[in-house]
Amino acid sequence: KTLLITGGTGFIGQFLVPELLKDNWTVVVFSRQSSDRVARTLGDQVQSIQSFDQWPFPEGPDACINLAGEGIVEKRWSSSRKQILRESRINLTSELVEWLNAQDKTPKVFISGSAVGYYGPQKPDDEITEMYPAGDDFAAELCSEWEQAAQTISDDCRLCLLRTGVVLHPKYGALAKMLPAFKMGVGGPIGSGQQVMPWIHIEDMVRGILFLLDTPDAQGPFNLVAPKAVDNRTFSKALGNAVKRPAFFTVPGFMMKLMLGDASALLLEGQRPISFKLEYSGFTFLYPELEKALESLLPR
Ligand code: NDP
């Protein structure tokens, strides 16, 4: 069974690909990087291609996972940056789907990226299920168009969309960025601290993707977030406890706005998506609670 993955060299991909190999998938990574570099990151067992035409088998892939995309919160969202964020997701997904649809055999399942930013800023108490409509800020429009590009996949292919929260790992992503300040004892809530931080442990993220891959009934959008979301203040306190440091320094909202411009909205505003559909489909989280998740990620 063959599987094509984009973004396989990234944070989530690096943890997902070894699990796919264990499950006996023949994994081909679509990457901008040379084959040597991809092999150094992911091992010799994976093949890599830099254009879809280089797909190495006569028939198209049995499954496809689409995670590629330029980093969202790394820099200010200038208009050229917004263009890169869009192109690396929407254009790439459209090209991928066009190629998949052109194969004699379309994949059985296509799992494509999105984010909880799809819903736009929401009131902290509103519990957001997958039925909620898209928001209308930049991140929401980006996710919405990214999903629409994926939805052009042929009808006979099962499509799952990953509306992902903040994925936690001490070396990658948001937690890696927050840790130095917290370890120095100068970490703390951002802005009002009341905004919800929908989070998910990297292991549950990977398990969630594998679950969707293997569950024939799973279809459509899924909120990939732990069942117990917390507000930013609670998150900061738990992180301070995990690294045994006080966490009462507040980063004022206006400073985040100065540093990140529009992108600061992702940190200052939030939404409380619930993992209802994933759990209803039979998925169980290894780390439903933040304290346990942080304990496992930051052993004392
Ligand atoms: P990463 O930032 O680690 O990047 C994934 C991969 O995308 C990279 O390894 C790279 O692959 C490819 N990529 C980066 N920039 C470009 C570009 N300009 N054009 C084409 N490809 C590019 O992502 P994560 O693993 O953290 O996340 C995977 C997906 O899930 C992302 O699309 C992200 O937006 C989404 N997501 C992640 C969250 C998180 O907390 N991590 C939260 C919500 C959503 P290569 O160099 O091999 O080409």
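Residues numbered from 1 in each chain as written. Predicted model: local features only at pLDDT ≥ 70, side-chain atom pairs only at ≥ 80, totals over all residues. Heavy atoms only, no water.

Trainee: Tell me about the overall build of the chain, residues and numbers included.
Mentor: Counting its regular elements, the chain contains 11 helices and 13 strands. Dimensions of the chain along its principal axes, counting C-alpha atoms only, are 60 × 40 × 40 Å. Buried residues in the chain amount to 52% of all 300 residues. Treating the 30 positive side-chain charges of the chain as one cloud and the 35 negative ones as another, the clouds have centres 9 Å apart. (Helix = DSSP H or I, 4+ residues; strand = E, 2+ residues; numbered from the N terminus. Buried < 20%, exposed > 50% of the residue type's maximum accessible area, 1.4 Å probe, protein only. Lys, Arg positive; Asp, Glu negative; His and termini not counted. Charge placed at Lys NZ, Arg CZ, Asp CG, Glu CD.)

Trainee: Could you give an account of the environment of T106, with specific residues and numbers?
Mentor: Of note, T106 is situated in the loop between α3 (79-102) and β5 (109-115). Of the residues examined, T106 reaches a relative accessible area of 17% and is grouped as buried. Apart from the residues lying within four places of it in its own chain, the contact partners of T106 are P61, L100, N101, S154 and D156. A distance of 3.3 Å separates polar atoms of two side chains, one belonging to T106 and the other to D156. (Contact = heavy atoms within 4.5 Å. Polar contact = N/O pair within 3.5 Å; in protein donor to acceptor, adjacent residues only side chain to side chain.)

Trainee: Kindly report on the site of the ligand, identifying the contributing residues and their values.
Mentor: The environment of the ligand is made up of 21 residues, and the closest members are T9, S31, Q33, E70 and R89. Within the side chain of T9, a nitrogen or oxygen atom sits 2.6 Å from an oxygen atom of the ligand. Within the contact set of the ligand, an oxygen atom lies 2.9 Å away from a backbone nitrogen or oxygen of V167. Protein burial of the ligand: of its 900 Å² of free accessible surface, 81% is covered by the chains. Here the shell around the ligand is built from residues that sort into eight nonpolar, 10 polar and three charged. (Near = heavy atom within 4 Å. Areas by Shrake-Rupley, 256 points an atom, 1.4 Å probe, with all protein chains shown as cover. Nonpolar A, V, L, I, M, F, W, Y, C, P; charged D, E, K, R; others polar.)

Trainee: Talk me through the side chain of T6; I want residue IDs and the actual numbers.
Mentor: Positionally, T6 belongs in strand β1 (residues 2-6). Its relative accessible area of 0% is what places T6 among the buried residues. A distance of 2.7 Å separates polar atoms of two side chains, one belonging to T6 and the other to N66.

Trainee: Could you give an account of the environment of L290, with specific residues and numbers?
Mentor: Summarising the element assignment, L290 is placed in helix α11 (residues 290-297). Under the relative-accessibility criterion, L290 is labelled buried at 2%. In this view, L290 contacts L168, W199, V230, F235 and A238; residues no more than four positions away in its chain are not counted.

Trainee: Describe in detail the packing of helix α7 (residues 232-242) against α11, supporting the description with residues and values.
Mentor: Contact geometry of α7 with α11 gives a least axis separation of 10 Å together with a crossing angle of 35°. Judged by the twist between their axes, the crossing of α7 over α11 is right-handed. Along the contact surface, α7 presents F235, A238, L239 and A242, while α11 presents L290, E291 and L294. Tallied by class, residues from the contact of α7 with α11 come to six nonpolar, no polar and one charged. (Axes fitted to C-alpha atoms, helices over the stretch in contact; angles between N-to-C directions. Left-handed = near helix turned anticlockwise from the far one by under 90°.)

Trainee: Just give me the short version of the sheet that holds strand β3 (residues 47-49), but keep the residues and values in it.
Mentor: Pairing in this open sheet of seven strands is parallel, and the strands run β3-β2-β1-β4-β5-β7-β11 from one edge to the other. Edge positions in the sheet fall to β3 and β11 (220-224), since each has one partner strand and no second. Put simply, the sheet's adjacent strands are angled 20° from each other on average, direction ignored. Across five bridges, the pairing between β1 and strand β2 (residues 26-30) is parallel. By the bridge assignment for β2, I5 is matched with V29. (Pairing = 2+ DSSP bridges.)

Trainee: Can you explain α11? Please cite residues and give values.
Mentor: An α-helix turns once per 3.6 residues; consequently, residues spaced three or four apart project the same way. Those residues of α11 that sit buried are L290, A293, L294 and L297. Looking down the long axis of α11, one finds its buried residues gathered within 95° of arc, a one-sided arrangement. If you follow the buried residues of α11, they end up packed against β8 (166-168), α5 (173-183), β10 (199-201), α6 (202-214), β12 (230-231) and α7. (Arc of directions from axis to C-beta.)

Trainee: Can you explain the pairing of β1? Please cite residues and give values.
Mentor: Counting buried positions over the five residues of β1 gives five, a clear majority of the element. Side chains T2, L4 and T6 of β1 all project onto a buried face; the interleaved residues L3 and I5 project onto the opposite face, where all are buried too. Crossover β1 to β2 through helix α1 (residues 11-22) is right-handed. With four bridges connecting them, β1 and strand β4 (residues 63-66) associate as parallel partners. (Right-handed = clockwise from strand over helix to strand, strands pointing away.)

Trainee: An account of the side chain of Q103 is requested, with residue identities and associated values reported.
Mentor: Along the chain, Q103 falls in the loop between α3 and β5. Here the side chain of Q103 touches W99 through a polar contact of 3.0 Å, landing on its backbone oxygen.

Trainee: Can you tell me about unusual backbone geometry, naming the residues and giving the values?
Mentor: Only a minority of non-glycine residues have a phi that is not negative, and only a minority of peptide bonds are not trans. Phi angles above zero are rare outside glycine, and N24 is one such case at about 70°. Here N24 is to be found in the loop between α1 and β2.

Note that all results are geometric; they support no functional claim without further evidence.
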